[in-house]
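Analysis of the macromolecular model
Read off the chains here:
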Amino acid sequence: MKTTSHSANQLPHMGTFIKNRIDEHNIRYSEIARRMNIHQSTINGYFIQETLQTRTLWKLSHALGYNLFTDLIQQLPEELQQTNKTSFQQQIQEQIQEQQQEIEALKKELAIYKEILNKRI
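Residues numbered from 1 in each chain as written. Predicted model: local features only at pLDDT ≥ 70, side-chain atom pairs only at ≥ 80, totals over all residues. Heavy atoms only, no water.

Some remarks on the nonpolar core
Membership of the largest hydrophobic core comes to 18 residues, with the highest contact counts inside it found for Ile18, Ile32, Ile43 and Leu60. Sorting the residues of this core by element identifies helix H1 (14–24), helix H2 (29–36), helix H3 (40–48), helix H4 (54–64) and helix H5 (68–73) as the ones contributing at least two each. Setting aside chain neighbours within four positions, we find Ile32 in contact with Ile22, Ile27, Ile43, Leu60, Ala63 and Leu64. (Core = buried A, V, L, I, M, F, W, Y, C linked by side-chain atoms within 4.5 Å. Buried < 20%, exposed > 50% of the residue type's maximum accessible area, 1.4 Å probe, protein only. Helix = DSSP H or I, 4+ residues; strand = E, 2+ residues; numbered from the N terminus. Contact = heavy atoms within 4.5 Å.)

A closer look at the pattern of salt bridges
Side-chain pairs of opposite charge can arise where the charged atoms are in close proximity. Considering all chains together, one arrives at seven salt bridges under this definition. Across the pair Arg21 and Glu24 runs a salt bridge whose closest N-O atoms are separated by 3.8 Å. Placement of both Arg21 and Glu24 in helix H1 is noted, with a separation of three residues, approximately one turn of the helix. Assessed through its relative accessible area of 5%, Arg21 is described here as buried. The exposure class assigned to Glu24 is partly exposed, which follows from its relative accessible area of 44%. Note that Glu104 is salt-bridged to Lys107, the shortest N-O span being 3.8 Å. (Salt bridge = Lys/Arg side-chain N within 4 Å of Asp/Glu carboxyl O.)

Observations concerning H1
When we look at burial in H1, the residues that qualify are Met14, Gly15, Phe17, Ile18, Arg21 and Ile22. Each buried residue of H1 sits inside an arc of 165° when the element is viewed along its axis, so together they form one side. Immediately beyond the C-terminal end of H1, within one or two residues, lies Asn26, with a positive phi of roughly 50°. (Arc of directions from axis to C-beta.)

The following block contains the structure:
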């Protein structure tokens, strides 16, 4: 998949974008239309549109069995592609640290309970 860098003012032409993806998958337009339960003329109409609704991209992704959103993200500048990934990784690291602290607290609590039980016996 060829990635193209676009400036903030130069958006990818969505009609061309989806036509290229369908062609890359060697699926007939009529088959995509059938899978989406729409007329082929609607698919052909998508090809000339500069923008498409998220719902349409979602349905096209399902019909193709291919994540179109990932390809769109790859057309963003590299620093924007990594933004969510970095944030997600930070969230995961914070969650791991919290869980490790909770485990340590539970280990201490368990040790106290064991000590109490040993004194009773």
